[in-house]
Amino acid sequence: MNGFLGEFLGTMILIVLGVGCGAGISLNKAYAKGQGWLFVTLAWGMAVTFGVYVAGQFGAQGHLNPAVTIGFAAFGFFPWSQVMPYLLGQFLGAFVGAALVILHYYPHFKATKADEGNSVGIFATGPAINNPVFNFLSETIATFVFIFTLLNLGNFTQGLKPLIVGFLIMVVGQALGPTTGFALNPARDFSPRLAYAILPVPNKGVANWAYAWVPVLGPIAGGLLASGLQALLK
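A brief report on the enclosed structure follows. (Residues numbered from 1 in each chain as written. Predicted model: local features only at pLDDT ≥ 70, side-chain atom pairs only at ≥ 80, totals over all residues. Heavy atoms only, no water.)

**Regarding the overall build of the chain**
Right, on to step 1. The helix and strand inventory of the chain stands at nine helices and zero strands.
Right, on to step 2. If you list the helices and strands of the chain from N to C, you get α-α-α-α-α-α-α-α-α.
Right, on to step 3. In terms of overall size, the chain behaves like a compact globule, its C-alpha atoms giving a radius of gyration of 17 Å where 234 residues would be expected to give roughly 17 Å.
Right, on to step 4. By residue count, 51% of the 234 residues in the chain fall in the buried class.
Right, on to step 5. When contacts within the chain are restricted to residue pairs at least 6 apart in sequence, those whose partners lie at least 24 apart make up 80%.
Right, on to step 6. A total accessible area of about 10,100 Å² is found for the chain, and carbon and sulfur atoms account for 71% of it.
Right, on to step 7. If you average the places of the 9 positive and of the 5 negative side-chain charges in the chain, the two averages end up 5 Å apart. (Helix = DSSP H or I, 4+ residues; strand = E, 2+ residues; numbered from the N terminus. Rg over C-alpha atoms; globule rule 2.2 N^0.38 Å. Buried < 20%, exposed > 50% of the residue type's maximum accessible area, 1.4 Å probe, protein only. Contact = heavy atoms within 4.5 Å. Areas by Shrake-Rupley, 256 points an atom, 1.4 Å probe, with all protein chains shown as cover. Lys, Arg positive; Asp, Glu negative; His and termini not counted. Charge placed at Lys NZ, Arg CZ, Asp CG, Glu CD.)

The structure is reproduced here in structure tokens:
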């Protein structure tokens, strides 16, 4: 299972820090309640940074994202033999990370009703304007920009490069994220959404599964386009 452990641990850290930010700004009696979009994008950027560092220390390439893994493999930037261990680590790590956030904030979930901020939006993305075609395009474009830039950073687990990746996530979130919440990552969205749906979260609302295909397929499409363009130009 080459790469599984690193991707599992790195994605777990990514979700604990990113979804933890979502809980902090949404749940009653949390000190961060009500913080804005800059807070969110900075937190997710740093969450990716430290997730990449952890993954790299355990022998993985720090993808933390099926859209990266699949896109890279489709155009020869990553071996297909490692795709399944990476994907398994990413989806399982994201689920465990979300479960840890539920445990950490459990009293705050109990203190917050669904109409007060206890929603799937803590764990997963949703559209500012519900338009599936444009929501899909938003996720595709944002992920394309992210992964095309990522491909031109070289080995992004080394030195200060994970910090650069974090700043990249932050600026993508600020520039292109306000339409859909910038999932950019099927594991980041699907597994926490699943955790919210099936784990005993007090006072929870609906998981909005009708939208869930957008943050899965949009990022995969963006990753394939970015990797394809990189292969064409190299």
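**Quick notes on the environment of Phe78**
Right, on to step 1. Considering the arrangement of structural elements, one finds Phe78 in the loop between helix H3 (66–74) and helix H4 (83–104).
Right, on to step 2. Overall, the relative accessible area of 3% leaves Phe78 in the buried class.
Right, on to step 3. For Phe78 and Gly154, which are 76 residues apart along the polypeptide, the C-alpha to C-alpha distance reads 13 Å.
Right, on to step 4. If near-sequence neighbours (up to four positions away) are discounted, Phe78 is found in contact with Gln61, His63, Thr69, Phe72, Ala73, Val83 and Tyr86.

**Considering a nonpolar patch on the surface**
Right, on to step 1. Taken together, the side chains of Val133, Phe134, Leu137, Ile141 and Val145 make up a nonpolar region of the molecular surface, amounting to roughly 450 Å² of accessible area.
Right, on to step 2. Of the residues examined, Ile141 reaches a relative accessible area of 46% and is grouped as partly exposed. (Patch = residues over 30% accessible without salt bridge, like charges linked within 9 Å, V, L, I, M, F, W, Y side chains within 5 Å. Salt bridge = Lys/Arg side-chain N within 4 Å of Asp/Glu carboxyl O.)

**Some details on the packing of H4 against helix H8 (residues 186–198)**
Right, on to step 1. Running from N to C, H4 and H8 cross one another at 45°; their axes reach a closest spacing of 8 Å. Here H4 is positioned oblique relative to H8, judged by the angle of their axes. The crossing of H4 and H8 is right-handed. The segment H4 lies against H8, with Gln90, Phe91, Ala94, Phe95, Ala98 and Ile102 engaging Pro186, Ala187, Phe190, Ser191, Pro192, Leu194, Ala195 and Ile198.
Right, on to step 2. Looking at the contact of H4 with H8 residue by residue, the class counts come to 12 nonpolar, two polar and no charged. (Axes fitted to C-alpha atoms, helices over the stretch in contact; angles between N-to-C directions. Parallel < 35°, antiparallel > 145°, perpendicular 65-115°, else oblique. Left-handed = near helix turned anticlockwise from the far one by under 90°. Nonpolar A, V, L, I, M, F, W, Y, C, P; charged D, E, K, R; others polar.)

**Quick notes on H8**
Right, on to step 1. In this model, H8 (13 residues) spans 18 Å end to end at C-alpha, consistent with the 18 Å of a helix rising 1.5 Å per residue.
Right, on to step 2. Within H8, the full set of buried residues consists of Pro186, Ala187, Arg188, Asp189, Ser191, Pro192, Arg193, Ala195 and Tyr196.
Right, on to step 3. Looking at the buried side of H8, the elements it contacts are helix H1 (4–26), helix H2 (37–57), H3, H4 and helix H9 (214–233). (Expected span 1.5 Å × (residues − 1).)

**Details of the packing of H8 against H9**
Right, on to step 1. The interhelical angle for the contact between H8 and H9, taken along N-to-C directions, is 165°, at an axis separation of 8 Å. What the angle tells us is that H8 and H9 run roughly antiparallel. Along this stretch, H8 crosses H9, giving a crossing that reads as left-handed. Note on element contacts: H9 touches H8 through Pro215, Val216, Pro219 and Ile220, opposite Pro186, Asp189, Phe190 and Arg193.

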